[in-house]
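Spelled out from the first residue to the last, the chains are:
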Amino acid sequence: MEYENKAKAYYNFPREEMLDYLPKEAQTVLEVGCGQGAFAAQIKDYNDAEVWGIEYMKEEGNLAKNILDKVFIGGVEDFIKDLPDNYFDAIYFNDVLEHLAYPDAVLRDLKSKLKANGLVISSIPNLRHFRVLKMLVIDGNWDYAEHGVMDKTHLRWFTKKSIRKMYESLGYEIVSHEGISPSKSLKPYLYNIPLLFTGMDMKYKQFATVARNL
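Just so it is clear, the model here is predicted, and its values are computed rather than measured.

Turning next to helix 6 (residues 160–169). Of the positions making up helix 6, those classed as buried are Ile163, Met166 and Tyr167. Projection of helix 6 onto a plane perpendicular to its axis shows the buried side chains occupying an angular sector of 90 degrees, all on one side. Helix 6 presents Lys161, Lys165 and Ser169 as exposed residues on the side facing more than 90 degrees away from its buried surface. Buried-residue contacts for helix 6 involve helix 4 (103–109), strand 5 (114–125), strand 6 (172–182) and strand 7 (204–213). One or two positions beyond helix 6, positive phi appears at Gly171, with a value near 90 degrees.

A contiguous nonpolar patch, built from Leu136, Val137, Ile138, Trp142 and Tyr144 and spanning about 460 Å² of accessible area, is present on the exposed surface. Position of Val137 relative to the elements: it lies in helix 5 (residues 130–138).

Moving on: helix 5. Taken as a whole, helix 5 has its buried residues at Phe130, Val132, Leu133 and Met135. Just beyond helix 5, the residue with positive phi is Gly140, at close to 70 degrees.

Strand pairing in a sheet relies on backbone hydrogen bonds. The paired strands run either parallel or antiparallel. Judged by pairing direction, the sheet is mixed, and its 7 strands sit side by side in the order 3-2-1-4-5-7-6 without closing on themselves. At either margin of the open sheet sits one strand with a lone partner, and together these are strand 3 (70–73) and strand 6. For this sheet, the mean angle separating the axes of adjacent strands, direction not counted, is 15 degrees. Of the strand pairs in this sheet, strand 4 (residues 88–94) and strand 5 are connected by 6 bridges, and their pairing is parallel. Counted as the bridge partner of Phe88 is Leu114 from strand 5. Strands in contact with helix 2 (residues 38–47) are strand 1 (28–32), strand 2 (50–55) and strand 4; relative to strand 2, the strand with the most contacts, it is inclined by about 170 degrees. Lying over the sheet, helix 6 contacts strand 5, strand 6 and strand 7, oriented at roughly 155 degrees with respect to strand 6.

What counts and what doesn't
Residues numbered from 1 in each chain as written. Predicted model: local features only at pLDDT ≥ 70, side-chain atom pairs only at ≥ 80, totals over all residues. Heavy atoms only, no water. Buried < 20%, exposed > 50% of the residue type's maximum accessible area, 1.4 Å probe, protein only. Helix = DSSP H or I, 4+ residues; strand = E, 2+ residues; numbered from the N terminus. Arc of directions from axis to C-beta. Contact = heavy atoms within 4.5 Å. Patch = residues over 30% accessible without salt bridge, like charges linked within 9 Å, V, L, I, M, F, W, Y side chains within 5 Å. Areas by Shrake-Rupley, 256 points an atom, 1.4 Å probe, with all protein chains shown as cover. Salt bridge = Lys/Arg side-chain N within 4 Å of Asp/Glu carboxyl O. Pairing = 2+ DSSP bridges. Axes fitted to C-alpha atoms, helices over the stretch in contact; angles between N-to-C directions.

This is the structure:
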């Protein structure tokens, strides 16, 4: 299984930049893809929230039980029915939705688990990142990698526009939608290809999105 070949740091990675999107008053949080619990620990330090998690990998999920208040081990699709209705102030997907076969269905089914005006907070890799475009358009390649935008375990790929469309088509209201993890330098010759520069979104490796349940 490809997930078992991931470096251990993959499942124990803090996400300080994603913590900024969590309202201070949020007291019940679900993290889908909680790994060993590194980000959940940050949430608890931030606002002492009750944090639940869903983790696909058994070993990592068992470690997360030492940090989170409740952990389900397996695919998120298998546990939606076990989550309480109208319970969570926020649900996190930190680089998770792109690993799901049907991310839109999961987001749709989780709406009933959010409180009114509850938030889904996600980070999603950006397929329009300039290194991916260079690989495809300039080099003529489509090469998978062990991590990053072209992670071989990704099942779906997104752009800034498609992320927004996914959420809005499901009835969520976009609260914020912005690039994160910007590249500090772009290859100068790429500036000579106007088609690729319809927007500067290509400098971001990911997009962080906050969407409200209406």
